[in-house]
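Below, each chain spelled out in residue letters.
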Amino acid sequence: LAKEISAVFSNVLSVELGVQQRCSDMQLIDEASILLSLQEDGRGGIICNVQLDENKKPLLALIKTNNYNEAIHIVLVGCGQSDIDSRYESETKDHKRISGLAKSWKRLKCKYIHDIPNLPELMDLD
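Sequence positions are assigned chain by chain, starting from 1 and proceeding in written order. Given that the model is predicted, a residue must reach a pLDDT of at least 70 before its local features are reported, and side-chain atom pairs must reach 80 or more before they are shown or counted; all residues, however, enter totals for whole chains, interfaces and linings. As a rule here, side-chain values cover all heavy atoms of the structure and leave hydrogens and water aside.

1. Some remarks on the overall build of the protein
Argument step 1. Broken down by element type, the protein carries five helices and four strands.
Argument step 2. Starting at the N terminus, the α and β elements of the protein follow one another as α-β-α-β-α-β-α-α-β.
Argument step 3. With 126 residues in all, the protein has 40% of them scored as buried.
Argument step 4. Across the protein, the fraction of contacts at a sequence separation of at least 24, relative to all contacts at a separation of at least 6, is 75%.
Argument step 5. For the protein, the computed accessible surface area is about 7,500 Å², with 51% contributed by carbon and sulfur atoms. Segments assigned H or I by DSSP are reported as helices when at least four residues long, segments assigned E as strands when at least two residues long, and all are numbered from the N terminus. Partly exposed residues are those whose accessible area sits between 20% and 50% of the maximum for their type, while under 20% is buried and over 50% is exposed, using a 1.4 Å probe and protein chains only. The contact criterion used throughout is that any non-hydrogen atoms of two residues lie within 4.5 Å. Computed by Shrake-Rupley with a 1.4 Å probe, the accessible areas treat only the displayed protein chains as cover when residues are assessed.

2. So, the environment of His-95
Argument step 1. Among the structural elements, His-95 can be located in helix H5 (residues 93-106).
Argument step 2. The exposure class of His-95 is buried, given its relative accessible area of 9%.
Argument step 3. With 14 residues separating them in the primary sequence, His-95 and Gln-81 have C-alpha atoms 9.9 Å apart.
Argument step 4. When near neighbours in sequence (up to four residues on either side) are disregarded, His-95 contacts Gln-81, Ile-84, Asp-85, Tyr-88, Glu-89 and Ser-90.

3. Section: the pattern of salt bridges
Argument step 1. Take a side-chain nitrogen of Lys or Arg and a carboxyl oxygen of Asp or Glu: if they are within 4 Å of each other, that pair is a salt bridge. Per the stated rule, a full pass over the model turns up two salt bridges.
Argument step 2. One salt bridge in this structure joins Glu-91 and Lys-96, with 3.9 Å as the shortest N-O distance. Here Glu-91 matches Lys-96 in class, with each residue exposed.
Argument step 3. Close ionic contact of Asp-115 with Lys-106 constitutes a salt bridge, the shortest N to O distance being 3.1 Å.
Argument step 4. By relative accessible area, Lys-106 is classed as partly exposed at 35%.

Worth remembering: the numbers are spatial, not functional.
Structure below.
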């Protein structure tokens, strides 16, 4: 569900920021997609909606070796400590693993990292 919420938010954010390119699979992001995104109308760049357990190595390589950090926006959903605490029992392996993954994603040097709270009440607005 978090992936779908982040995809919706990525679409809204792309309109607000004038960023045309969006990526939801970190294995597909490469230098060509970044360069293409920078040539498009608007402010350029790419919005990545990710899940915590995704492999971020392709993205890290682009940030570190090619200085594309100013072209990358990341959308995370439900990755705040309170969200993690509400989903996982404190001090368990899963809690520590997810907390560590969230911190590692948030430490990336990108233009923006948007952390959207997990809002299950939005799903029950009927």
